[in-house]
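# Geometric and topological summary
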Amino acid sequence: MKHQNFNLISHVLCPYVQRSIITLKEKNIPFTRTDIDLANKPAWFKQKSPMGKVPILIVDDNRALFESSVICEYLDEVTADSLHPRDSFEKANHRALIELGSAILNNIASLYNAKEKARFQNIHTEIQGKFQFLEKELSGIPFFSGDKFHLIDAVYSPIFRYFEVFDSFTELNTFAHLPKCQLWRKALSQRKSVKQAVSEDYPALLVQFLINRDSYISQLIPPKNR
Ligand SMILES: N[C@@H](CCC(=O)N[C@@H](CS)C(=O)NCC(=O)O)C(=O)O
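Because the structure is a prediction, the values reported are computed rather than measured. (Residues numbered from 1 in each chain as written. Predicted model: local features only at pLDDT ≥ 70, side-chain atom pairs only at ≥ 80, totals over all residues. Heavy atoms only, no water.)

### Details of unusual backbone geometry
Here the bond from Val54 into Pro55 is cis, since omega is 0°, no more than 30 degrees from zero. Within the secondary structure layout, Pro55 lies in the loop between helix H2 (43-48) and strand S3 (56-59). Here Ile141 and Pro142 are connected by a cis peptide whose omega angle stands at 5°. Relative to the helices and strands, Pro142 resides in the loop between helix H5 (117-137) and helix H6 (151-167). Although it is not a glycine, Asp81 adopts a positive phi angle of roughly 60°. With respect to the helices and strands, the residue Asp81 is situated in the loop between helix H3 (68-77) and helix H4 (88-113). A positive phi angle is found at Asp214, which is not glycine, with a value near 55°. Locating Asp214 in the fold gives a position in the loop between helix H9 (202-213) and helix H10 (216-220). In this structure Asp214 comes out as exposed when scored by relative accessible area, which is 60%. (Helix = DSSP H or I, 4+ residues; strand = E, 2+ residues; numbered from the N terminus. Buried < 20%, exposed > 50% of the residue type's maximum accessible area, 1.4 Å probe, protein only.)

This is the structure:
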């Protein structure tokens with residue numbers, strides 16, 4: 001890769017930012033991170049982000065890319081040792097399951113915004129259904145396809161991270177009957193790049209974010225976490 005200067009426009013809690021940071025770290029790409037307040041978006045950000053969303057990757061101070069999957073693929077392409085499998089079907093399948101990961105993130109947003117218990121439970125069942133599918137697809141240990149960490153692992157790490165916080169105050173047991181997902185989840189949580197993708201106060205910030213939803217999940221958070 002010729003020397004390029006990367007700045008990732010980010011938000012402290014965003015799971016799509018996290019997958020990009022994990023990719024940057026896994027590929028040892030030097031970068032700077034600029035966190036912005038999504039409730040008060042700077043004017044320069046609106047010019048760079050047509051959808052008003054993070055992450056945005058600024059390349060050499062003048063070019064910008066949006067959409068985390070595109071950013072991860074680009075970073076993977078401009079550096080050696082791809083984080084995708086070599087086999088075309090396997091690679092396509094990883095990409096398809098990355099899409100599934102984004103669908104799970106949408107489900108998680110619906111979960112924490114659900115006002116009523118019944119809706120919350122229905123969405124949780126939908127999420128479990130998607131992980132049941134993944135349980136059948138998981139072909140390796142400790143990561144999705146075995147020893148090598150791939151882009152798909154970067155995508156699922158922030159997804160599992162939500163459940164670390166949910167499990168600190170609820171009994172969802174999302175992965176109770178999914179032993180392979182449990183092992184995958186554990187391995188991802190111990191990966192250095194995954195740990196480094198968020199700040200130490202991430203759990204407290206997420207809890208505060210969940211309280212502010214004023215939704216069903218907010219009511220489950222005990223006073224000691226507030
Ligand atoms: N498909 C987008 C999704 C990114 C996204 O939804 N980012 C959220 C934060 S996690 C965002 O910036 N939302 C805008 C807002 O909250 O106003 C991607 O993969 O980059």
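Okay, back to it.
### Focus: the nonpolar core
Of all hydrophobic cores here, the largest spans 69 residues; its most connected members are Ile108, Phe131, Tyr156 and Phe166. For this core, the element with the highest residue contribution is H6, accounting for 11 residues. With residues near it in sequence (within four places) discarded, Tyr156 still touches Leu97, Leu100, Gly101, Ile104, Phe131, Leu134, Trp184 and Leu188. (Core = buried A, V, L, I, M, F, W, Y, C linked by side-chain atoms within 4.5 Å. Contact = heavy atoms within 4.5 Å.)

### Let's talk about the site of the ligand
In the vicinity of the ligand, the contacting residues are Cys14, Pro15, Tyr16, Leu38, Lys41, Gly52, Lys53, Val54, Pro55, Glu67 and Ser68. In the model, an oxygen atom of the ligand is placed 2.8 Å from a nitrogen or oxygen of the Lys41 side chain. Relative to its free-state accessible area of 510 Å², the ligand is covered by the protein chains to the extent of 72%. Per-class residue counts for the shell around the ligand are six nonpolar, two polar and three charged. (Near = heavy atom within 4 Å. Polar contact = N/O pair within 3.5 Å; in protein donor to acceptor, adjacent residues only side chain to side chain. Areas by Shrake-Rupley, 256 points an atom, 1.4 Å probe, with all protein chains shown as cover. Nonpolar A, V, L, I, M, F, W, Y, C, P; charged D, E, K, R; others polar.)

### As for H4
Side chains of residues three or four places apart in an α-helix project in the same direction, reflecting 3.6 residues per turn. Look at H4: 38 Å from first C-alpha to last across 26 residues, which is about the 38 Å you get at 1.5 Å a residue. Among all positions in H4, only His94, Leu97, Ile98, Leu100, Gly101, Ser102, Ile104, Leu105, Asn107, Ile108, Leu111 and Tyr112 are buried. By the N-cap criterion, in which a side-chain oxygen at the helix start approaches the backbone nitrogen of a residue two or three places on, H4 is capped by Asp87, the distance to Phe89 being 3.2 Å. (Expected span 1.5 Å × (residues − 1).)

### Comments concerning the pattern of salt bridges
Opposite charge on two side chains makes pairing possible when the charged atoms of those side chains draw close. According to the stated counting rule, one finds seven salt bridges in the structure shown. The closest approach of N and O atoms between Arg33 and Asp35, which form a salt bridge, is 3.1 Å. Using a relative accessible area of 39% as the deciding quantity, one classes Asp35 as partly exposed. (Salt bridge = Lys/Arg side-chain N within 4 Å of Asp/Glu carboxyl O.)

### Thoughts on the pairing of strand S1 (residues 6-10)
Of all five residues that make up S1, five are buried, and the element is covered over most of its length. Alignment of S1 against S3, held across four bridges, turns out to be antiparallel. Its bridge partner lying in S3, Ile9 is registered against Ile56. In the sheet, S1 pairs with strand S2 (residues 32-35) via four bridges, with the strands oriented parallel. When the sheet's bridge partners are listed, Ser10 is paired in S2 with Asp35. (Pairing = 2+ DSSP bridges.)

Bear in mind that shape data such as this cannot, by itself, settle questions of function.
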